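Secondary and tertiary structure notes
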Amino acid sequence: MTPKEMSVQTLEMCRLAPVIPVLVVDDAAVAVPLAEALVAGGLPVLEVTLRTPQALDVIRGMAGVAGGVVGAGTVLTEADVIAAKEAGAQFAVSPGATDALCAACEKHDLPLLPGAATATEVMGLIERGYTTGKFFPAEAAGGAKALKAIGAPLPQVTFCPTGGVSPSNAADYLSLSNVACVGGSWVAPGDKVKTGDWAGIEALARDAAALPR
Ligand SMILES: O=C[C@H](O)COP(=O)(O)O
Ligand SMILES: CC(=O)C(=O)O
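This report concerns the structure included in the present document. Note that this is a predicted model, so its numbers are computed, not measured. (Residues numbered from 1 in each chain as written. Chains lettered and ligands numbered in written order. Predicted model: local features only at pLDDT ≥ 70, side-chain atom pairs only at ≥ 80, totals over all residues. Heavy atoms only, no water.)

1. Section: the pattern of salt bridges
Side chains bearing opposite charge may pair, as long as their charged atoms lie close to each other. Counting across every chain of the model gives 8 salt bridges. The salt bridge partner of aspartate 99 is arginine 128, with a shortest N-O separation of 3.3 Å. Placement of aspartate 99 in helix α5 (residues 99–107) and of arginine 128 in helix α6 (residues 119–128) is noted, with a sequence separation of 29 residues between them. Since its relative accessible area comes to 28%, arginine 128 is described here as partly exposed. With its nearest N and O atoms 2.3 Å apart, the salt bridge here joins arginine 206 to glutamate 202. With a gap of 4 residues between them, arginine 206 and glutamate 202 both fall in helix α10 (residues 198–209), about one helical turn apart. Look at arginine 206 and you get partly exposed, because its relative accessible area is 42%. The partly exposed category is assigned to glutamate 202, whose relative accessible area is 25%. Overlapping salt bridges, with partners in common, bring together Asp57, Arg60 and Glu86 in one network. (Salt bridge = Lys/Arg side-chain N within 4 Å of Asp/Glu carboxyl O. Helix = DSSP H or I, 4+ residues; strand = E, 2+ residues; numbered from the N terminus. Buried < 20%, exposed > 50% of the residue type's maximum accessible area, 1.4 Å probe, protein only.)

Below is the structure:
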């Protein structure tokens, strides 16, 4: 799959809802109810980060939830790409974008949302053919102001800013012409996941899904 083809798919995906929940889950037993709550609340695209030993099992469980589009986050290596795809991930997200990782996703046909935080990194994505990316770490890298400034000379790349995005600043990002959606962990807080407060998570998802863009 070419970077251009991947970017068409990831942009379509980013347009499905204003927020992609970024999930760090250490208990595969919660995969299905958690995904069901988020999807029911209006957030169908889910990023499960490969930061826990259970992440691949979580992806496997969530991949069976109707209406969901489940991907793997924190994908760093070709082995991660192969494992994520085998678990049922439909896309990959990475905090950055190395040549090796891009090549692995292109080779294994796993659409990649590659990370970038500076104009030079965005130019690297453009040179390789990517037109959809992740702006990470969004708040620490200058926030909506920085992303707006990057978009002036480089409007051809559309982003999903992630990292420090919250209900209080999400609208600043979503109002930008080079933003399709944002990513964030606030819709699935650890305490609510631990106690199985699926109604509470669905309510958070509903609020996030109603954010204007
Ligand atoms: O590592 C950061 C994740 O991309 C999500 O960031 P967040 O917890 O600030 O929403
Ligand atoms: C932070 C991030 O982009 C990731 O874990 O994929």
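2. Focus on the pairing of strand β1 (residues 19–23)
Most of β1 is tucked away: 5 of the 5 residues are buried. The side-chain alternation of β1 yields two buried faces, one formed by Val19, Pro21 and Leu23 and the other by Ile20 and Val22. In this sheet, strand β9 (residues 182–184) lies alongside β1 in parallel orientation, the contact comprising 3 bridges. Looking at the pairing, valine 19 lines up with valine 182 of β9. At this point the chain moves from β1, through helix α2 (residues 31–40), to the parallel strand β2 (residues 45–49), and the crossover so formed is right-handed. (Pairing = 2+ DSSP bridges. Right-handed = clockwise from strand over helix to strand, strands pointing away.)

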